[in-house]
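The residues making up each chain are set out below.
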Amino acid sequence: MSPGRPGSARGGANMAWRCWARAGAPRPHRLAVLLLQPRRGFRRARPRPEEPPATATEAPPAPAPPRRSLCPPSPTAAAGRPSPRRLVKPLLFAVGFTGSAFGSAAIWQYESLKSRVQTYFEEARADWMDKMRPQKRGDFRKQVNSWWNSLTEGQRTVTGIIAANAFVFCLWRLPGMRRIMFTYFTSNPSSKALCSPMLLSTFSHFSLFHMAANMYVLWSFSSSIVSLLGCEQFIAVYLSAGVISTFVSYVAKMATGRFEPSLGASGAIMTVLAAVCTKMPEAKLAIILLPMFTFTAGSALKAIIAFDTAGLALGWRLFDHAAHLGGALFGMWYVTYGHELIWKNREPLVKAWHELRTKNAGKGGGGRSS
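Computed from a prediction, not measured in an experiment: that's the story for all the values here.

### Topic: the packing of aromatic side chains
Inference 1: All told, the structure shown has nine aromatic pairs when counted by the stated rule.
Inference 2: Judged by centre distance (5.7 Å) and plane angle (50 degrees), the ring pair of phenylalanine 307 and tryptophan 316 falls under tilted.
Inference 3: Residue tryptophan 316 is classed as partly exposed on the basis of its relative accessible area of 39%.
Inference 4: When the ring centre of phenylalanine 169 is taken as reference, the NZ or CZ atom of arginine 173 above it lies at 4.6 Å.
Inference 5: Sitting above the plane of the phenylalanine 206 ring, arginine 173 keeps its charged end 5.1 Å from the centroid.

Spelled out as structure tokens, the structure:
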């Protein structure tokens, strides 16, 4: 832009200078004239304070569901909703394990009956030797044997189960074992381990009160259930009940979308309780803290089923109500129909095992004689 153009800031200043000169006024300083001229052109915008970049509004995380105090907190959150096809493998495991448990129990009973005659003479000889041998006072081993012999067959049977539960409870107290325990000793259909926790969680308790209550109920009903089924059949029913009740829990969690870990022997113990109450509905029961209030076993079973049904329908999360219902229904079904369908038809398996043992014994005897 040329210096003489009136549209420019410099041209306006020259014109003002000439006007002051004609009027005879004292010439102001050229800088003052420049400051009086109106500023033209684009005004530079003032720098605005930087604002944080706009981000998409994130929805607040959903509040975590209340955790049951009987179960430890999860170290890792479940990623998404698992597919219902994940139930196929647990179903096959439940069917296969149940069949294997009853087959093993049938063979175990066969071996026990076969060896009972041999052990009878050995025990008679041992008793005679104990009488002839001078007794030692304060012998700890003798006291343990005396206590063991004073127990019923059912109490001796569940002693091993109680010891296994106590051992697993101690493993929960080890910090280094916490992740392994949560993976394999709690059942959850969204976990990476699906089948082994169905059995291992039956022996797992995180709360001392939970374990004590379950083991007390098992000890109380042990004599009745073992006298009803026998030692071998009871073990098969107990282990199968733990796996089946866990599978029912898997199905309920898939249906409701509440993937929370579960653990405890409650499902298997509900099978024991339901079996005894179904076979002896008129038996009198009482609560340990309120022994003055008695009720029949049939009434207790109805109340327990109603309580767990309401808990499952209303979404109560203190207990795994689906596992309780699954165990109770399995116990009622087994003593009503399952015993006839499964245990009464074990003869072909036992016969095949007997022939296999006889053949192997014959081969072994022939090899020694040659």
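### Here we look at the environment of alanine 306
Inference 1: Here alanine 306 shows up in helix α11 (residues 297-314).
Inference 2: C-alpha of alanine 306 to C-alpha of leucine 325: the two residues are 19 residues apart in sequence and 9.4 Å apart in space.

### Regarding a nonpolar patch on the surface
Inference 1: On the surface, Tyr216, Ile287, Ile288, Leu289, Leu290, Met292 and Phe293 cluster together into a nonpolar patch covering about 780 Å² of accessible area.
Inference 2: No other element matches the three residues that strand β2 (residues 290-296) contributes to the nonpolar patch.
Inference 3: For leucine 290, the position within the fold is in strand β2.

### Concerning the side chain of aspartate 320
Inference 1: Mapped onto the secondary structure, aspartate 320 falls in the loop between α11 and α12 (321-341).
Inference 2: Buried charge without a salt bridge: aspartate 320, with lysine 253 as the nearest opposite-charge side chain at an N-O distance of 4.2 Å.
Inference 3: Side chain to side chain, aspartate 320 and serine 262 meet in a polar contact 2.8 Å long.
Inference 4: Residue contacts for aspartate 320: discarding those within four places in its chain leaves Ser249, Lys253 and Ser262.

### Things to note about the packing of helix α10 (residues 266-279) against α11
Inference 1: Their axes nearest at 8 Å, the elements α10 and α11 cross at an angle of 140 degrees. Comparing the axis directions of α10 and α11 gives the class oblique. Considering only the axes of α10 and α11, their crossing is left-handed. In this structure, α10 contributes Met270, Leu273, Ala274, Cys277 and Thr278 to the contact, and α11 contributes Ala297, Leu301, Ile304 and Asp308.
Inference 2: Looking at the contact of α10 with α11, its residues break down into seven nonpolar, one polar and one charged.

### A few points about the UniProt feature "transmembrane region" (unreviewed entry) in the protein chain
Inference 1: When the UniProt feature table is mapped to this numbering, "transmembrane region" (unreviewed entry) covers residues 91-110, 157-174, 194-219, 225-251 and 287-307.
Inference 2: Annotation note: span residues 194-219, helix share 65%, strand share 0%, distance between end C-alpha atoms 29 Å.

### What to know about the pattern of salt bridges
Inference 1: Inspection of every chain in the model, using the stated rule, returns two salt bridges.
Inference 2: One salt bridge in this structure joins glutamate 111 and arginine 357, with 2.5 Å as the shortest N-O distance. On the criterion of sequence distance, the pair formed by glutamate 111 in helix α3 (residues 88-132) and arginine 357 in helix α13 (residues 347-369) is long-range, its members being 246 residues apart.
Inference 3: When its relative accessible area of 24% is taken as the criterion, glutamate 111 is described as partly exposed.
Inference 4: Between arginine 317 and glutamate 260 there is a salt bridge; the shortest N-O distance is 3.1 Å. Within this pair, whereas arginine 317 is found in the loop between α11 and α12, its partner glutamate 260 is found in the loop between α9 (231-256) and α10, the two being separated by 57 residues in sequence.

### Side note on helix α8 (residues 208-229)
Inference 1: With 22 residues, α8 should reach 32 Å at 1.5 Å per residue; the first-to-last C-alpha distance of 29 Å fits that figure.
Inference 2: Looking at α8, one finds that the buried residues are His210, Met211, Asn214, Met215, Leu218, Phe221, Ser222, Ile225, Val226 and Leu229.
Inference 3: Turning to α8, the residues buried within the fold contact α5 (153-172), α9, α10, β1 (284-287) and α12.
Inference 4: Capping the start of α8, serine 207 holds a side-chain oxygen 3.4 Å from the backbone nitrogen of phenylalanine 209, two or three residues further along.

### Thoughts on empty space enclosed by the protein
Inference 1: As enumerated under the stated definition, the model contains three cavities of 30 Å³ or more in all.
Inference 2: Computed from the structure, the second largest cavity encloses a volume of approximately 200 Å³.
Inference 3: Looking at the second largest cavity, it is lined by 15 residues, and the ones nearest its centre are Thr256, Arg258, Leu312, Trp316 and Asp320.
Inference 4: Of all elements in the fold, only α9, α11 and α12 reach the threshold of two or more residues within the lining of the second largest cavity.
Inference 5: Of all the elements, α9 adds the most residues to the lining of the second largest cavity, at three residues.
Inference 6: Of the residues contributing to the lining of the second largest cavity, the split by class is five nonpolar, four polar and six charged.

### Points about the nonpolar core
Inference 1: Trp172, Leu218, Ile225, Phe234 and Tyr238 are the most contacted members of the largest nonpolar core, which totals 59 residues.
Inference 2: Only α3, α5, α6 (178-184), α8, α9, α10, α11 and α12 provide two or more residues apiece to this core.

### Some thoughts on the confidence of the model for the protein chain
In regions of low pLDDT, the predicted coordinates are not meant to be interpreted in detail.
Inference 1: Mean pLDDT over the protein chain stands at 80; residues scoring 70 or higher make up 71%.
Inference 2: Residue range residues 28-42 is modelled with pLDDT below 50. Its contacts to residues more than four positions away, or to other chains, number 14 contacts.

Each value, and the rule that gives it
Residues numbered from 1 in each chain as written. Predicted model: local features only at pLDDT ≥ 70, side-chain atom pairs only at ≥ 80, totals over all residues. Heavy atoms only, no water. Phe/Tyr/Trp six-rings, centres within 6.5 Å; stacked < 30°, edge-to-face > 60°. Buried < 20%, exposed > 50% of the residue type's maximum accessible area, 1.4 Å probe, protein only. Lys NZ or Arg CZ within 6 Å of the ring centre and 35° of its normal. Helix = DSSP H or I, 4+ residues; strand = E, 2+ residues; numbered from the N terminus. Patch = residues over 30% accessible without salt bridge, like charges linked within 9 Å, V, L, I, M, F, W, Y side chains within 5 Å. Areas by Shrake-Rupley, 256 points an atom, 1.4 Å probe, with all protein chains shown as cover. Salt bridge = Lys/Arg side-chain N within 4 Å of Asp/Glu carboxyl O. Lys, Arg positive; Asp, Glu negative; His and termini not counted. Polar contact = N/O pair within 3.5 Å; in protein donor to acceptor, adjacent residues only side chain to side chain. Contact = heavy atoms within 4.5 Å. Axes fitted to C-alpha atoms, helices over the stretch in contact; angles between N-to-C directions. Parallel < 35°, antiparallel > 145°, perpendicular 65-115°, else oblique. Left-handed = near helix turned anticlockwise from the far one by under 90°. Nonpolar A, V, L, I, M, F, W, Y, C, P; charged D, E, K, R; others polar. UniProt positions renumbered as here; feature names shortened; annotations may be inferred. Expected span 1.5 Å × (residues − 1). 1 Å grid on protein atoms, 1.4 Å probe; cavity = no way out; pocket = protein on both sides within 12 Å on 5 of 7 lines; lining within 4 Å. Points joined across faces, edges and corners; volume = space filled by probe spheres on them. Core = buried A, V, L, I, M, F, W, Y, C linked by side-chain atoms within 4.5 Å. pLDDT = per-residue confidence, 0-100.

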